[in-house]
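Topology and contacts: notes
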Amino acid sequence: MKKQVAVSDVSTHMGRHSGSILNGSDSASSFDTGTLNLADVTEEFSMDELDRWTTLVGLVQSVIAFIEKFIPGYTAHIFYHYDESREYREIDREGISTIPEDSIFIGCLSMVSEAVPLDQFFSDYGIDDPIISHFLQNVYKGEYIVPVVHSFELLAFIIVGRSDEFFADAETLLGSSKVDFLNKLSSRMRVNMYAASVSDRRQRELLHMTQFPLALQKHTSLNEVFANLLDDLRSQIEFDAGVCYAYDQETKMLLPFAKKGIPGRVAKLKVGGGISGQVFDAKRSIFVPSRKEHPFYSLVEKESFIDGSFISVPFGNDKTWIGVITLCRHEGNPKSFGVEHRYMLEIASSFIASDITSRQLYQKLDESSFAVVKSLTCALEAKDKYTEGHSDRVKEYSVNIAKRLGYTDEQIHQIRYGAMLHDIGKIGIGDDILNKRSRLSDEEYKKIKQHTEIGYHILDNNSFFDDVKDFVRYHHETLKGTGYYGKKLGEYPEGAMIVSCADIFDALTSARPYRKPLPIDGALCELKKLTGLNFPDYVYKAFEEYVLSDEFKEYYEQAIK
């Protein structure tokens, strides 16, 4: 006969058992109405511990400890679904035992709603998978399997089996009360497991953002960063449409420089205009779950391509604001943006701002350095009106050859410096030789040949020129080793041949005291004779393509004035 207790005794009884796990005996106390089983109440209160998780790992460990305490002699293993690897595995085993999400075993288990004996599960569904069967039943000593399903999705499953410390008085088969307990546990933990999995996924996404700077660093120029910005963002945050605006201080306008998933042209915006303009003006990022349901943004006419859920984040720093990025997932997209995506874009935007600011600073320093280099060459050429502007023209020709050969921005940067400095060593040659109005004697020619070595040693003192000093040293070499140093093809950088081609062409088309300049057609004809001798045919063809372009004509007309 069950002991009857008064309502006033409940708090006292609960005080003795709260936080503990009852042994599941059917003799537990209840109210005389029969509507409240005190063991069930205590069990429910004990399960409140599962609501106090802070991490997914902590939740799993709590569930395992809960089962092992409630069912003495048994242990539990929880296999959790990993989205990235598309498999189920134990959180603390790092993939030692894994089951693919597309296996028949998982497909059948997704249709099970309560705890079931493991051998019965294999038998009822006719699952013929000896590998999974072996490690669950023999390695893990599994006797029961408990699915954790939320919204028709198998989040995890629990394998319950005899522990290694199995003792004699442990149950040989779980009674109905223990099975009911497992079912209640599964029902209780599915919401927590889903919340924990979402939290864990969001944390991984946020942590993954730390890799975003690597995506930016792979680009060799600011133009490459701008051109690839939305592709780099899409690798971190999925979106249907996106646009990036840059702030133009002169016009006080936001100019679109990149777009994805947007047909047609994107119009520029006034600061404060449209969604992106308002975000930039306020210097505050926003997340809107649905534009059409928003009381304000649904009335904003501009940027109609932004629909569904969207996030918009300004980027820059306290001193300089660079622009704004706006991404959206269209109304029909079942995976709308969440507030965590705003945080992710804010993190990405801070990296973008830092990268752009650093590159702009480097660009200014580089321009300043190049201005000094140009001043040096101009000072050198000022001593001879016949060579005035020579280095600048050789630089322009060399850069355009390199572009047509598909050189990277970094390689073109090196060519630019190398061509500008190719004759810097002439600063160590006497004026009597440099300004001689007749042909040089053999002895004078030997001296002027030293300008390549002098130039090399001038640059060799500064590590900034490590990548260009060989262009200066070897721009008078030939393919077969008949140049100043006797170097053959492959023994000096290709950039030196580009500078050589440009140098010879400018010499042919420039006036000298002892001859008149050749016309462009005549210079190209003479240059072509040197293919296979001073430089390969492909270098000449790239230069010829440039010379025949409108780009060359426009530059040349200005350069010879």
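Conventions used here
Within any chain, residue numbers begin from 1 and follow the written order of that chain's sequence. Thresholds applied to this predicted model are a pLDDT of at least 70 for local features of residues and 80 or more for the giving and counting of side-chain atom pairs; totals over whole chains, interfaces and linings are not thresholded and use all residues. Values shown for side chains rest on all heavy atoms present in the structure; no hydrogens or waters enter the calculation. For helices, the fitted line uses only the C-alpha atoms of the stretch in contact; every axis is such a line through C-alpha atoms, and the angle between N-to-C directions lies from 0 to 180 degrees. Only runs of H or I of at least four residues qualify as helices and only runs of E of at least two qualify as strands under DSSP, and these elements are numbered from the N terminus. Should an angle lie under 35 degrees it is considered roughly parallel, over 145 roughly antiparallel, and from 65 to 115 roughly perpendicular; all remaining angles are considered oblique. Contacts: residue pairs with any heavy atoms within 4.5 Å of one another. When residue character is reported, Ala, Val, Leu, Ile, Met, Phe, Trp, Tyr, Cys and Pro are called nonpolar, Asp, Glu, Lys and Arg charged, and the others, Gly included, polar. When DSSP locates at least two bridges between a pair of strands, those strands are taken to pair. The term salt bridge refers to a side-chain nitrogen of Lys or Arg lying within 4 Å of a carboxyl oxygen of Asp or Glu. Burial classes follow relative accessibility: with a 1.4 Å probe on protein chains only, a residue under 20% of its type's maximum area counts as buried, one over 50% as exposed, and anything between as partly exposed. pLDDT gives the predictor's per-residue confidence on a scale running from 0 to 100. For a helix, the expected span equals 1.5 Å multiplied by the number of residues minus one. Polar contact is the term for a pair of N or O atoms within 3.5 Å; when the atoms are in protein, one must be able to donate a hydrogen and the other to accept it, and sequence-neighboring residues count only if both atoms are side-chain atoms.

Let us look at the packing of helix α9 (residues 222-234) against helix α11 (residues 339-381). Running from amino to carboxyl end, α9 crosses α11 at an angle of 170°, the nearest separation of the two axes being 11 Å. Relative to α11, α9 is oriented roughly antiparallel. Along its contact with α9, which presents L222, V225, F226, L229 and L233, the element α11 presents L345, A348, I352, D355, I356, R359, Q360 and Q363. The class makeup of the residues in the contact of α9 with α11 is nine nonpolar, two polar and two charged.

This paragraph deals with the sheet that holds strand β7 (residues 241-248). Taken in spatial order, the six strands line up as β9-β8-β7-β12-β11-β10 in an open sheet, and their pairing is antiparallel. Every other strand in the sheet has two partners, leaving β9 (269-270) and β10 (286-288) as the edge strands with one partner each. Relative to β9, strand β8 (residues 253-260) runs antiparallel, the two being bridged by two bridges. Paired with L254 across the two strands is L269, which belongs to β9. On top of the sheet, α11 reaches β10, β11 (309-316) and β12 (321-329); it is set at about 25° to β11, its chief contact.

This part covers the pattern of salt bridges. Across all of its chains, the model carries 20 salt bridges by this definition. K260 serves as the salt-bridge partner of D231, at 3.1 Å between the closest nitrogen and oxygen. You can see D231 sitting in helix α9 and its partner K260 sitting in strand β8, a full 29 residues away along the chain. When its relative accessible area of 37% is taken as the criterion, D231 is described as partly exposed. A salt bridge links D506 to R393, with the nearest nitrogen and oxygen atoms 2.5 Å apart. Placement of D506 in helix α18 (residues 494-508) and of R393 in helix α12 (residues 390-404) is noted, with a sequence separation of 113 residues between them. Across the pair, R393 and D506 agree in class, each one buried.

Moving on, we get to the confidence of the model for the protein chain. A low pLDDT score tells you not to read the predicted coordinates there in detail. Predicted confidence across the protein chain gives a mean pLDDT of 84, with 86% of residues reaching 70 or more. Confidence scores differ between elements of the protein chain, with helix α1 (residues 7-17) showing the lowest mean pLDDT of 35 and helix α20 (residues 537-547) the highest of 96. Low pLDDT, under 50, characterises residues 1-39; the predicted model gives this stretch 41 contacts beyond four residues in sequence or across chains.

All right, on to the sheet that holds strand β5 (residues 142-150) then. Across the sheet, six strands lie side by side as β3-β2-β1-β6-β5-β4; this open sheet has antiparallel pairing. Among the strands making up the open sheet, the edge pair consists of β3 (98-100) and β4 (116-117). Note: β4 against β5, two bridges, orientation antiparallel. For V116, the partnering residue across the bridge sits in β5 and is I145. Seen against the sheet, helix α6 (residues 130-139) touches β1 (74-82), β3, β5 and β6 (153-162) and runs at an angle of roughly 145° to β3.

What follows is about α18. Each α-helix turn comprises 3.6 residues. Residues three or four places apart therefore point the same way. If you check α18, its first and last C-alpha atoms are 22 Å apart, about what 15 residues at 1.5 Å a residue would give, namely 21 Å. Across the 15 residues of α18, 13 count as buried, placing the element largely inside the fold.

Turning to the side chain of H77, a few remarks are in order. Mapped onto the secondary structure, H77 falls in strand β1. For H77, a relative accessible area of 18% translates into the label buried. Of note is the side chain of H77, whose polar atom sits 2.9 Å from the side chain of E90. Those residues in contact with H77 that sit more than four places away from it in its chain are E90, Y140, F157, I158 and I159.

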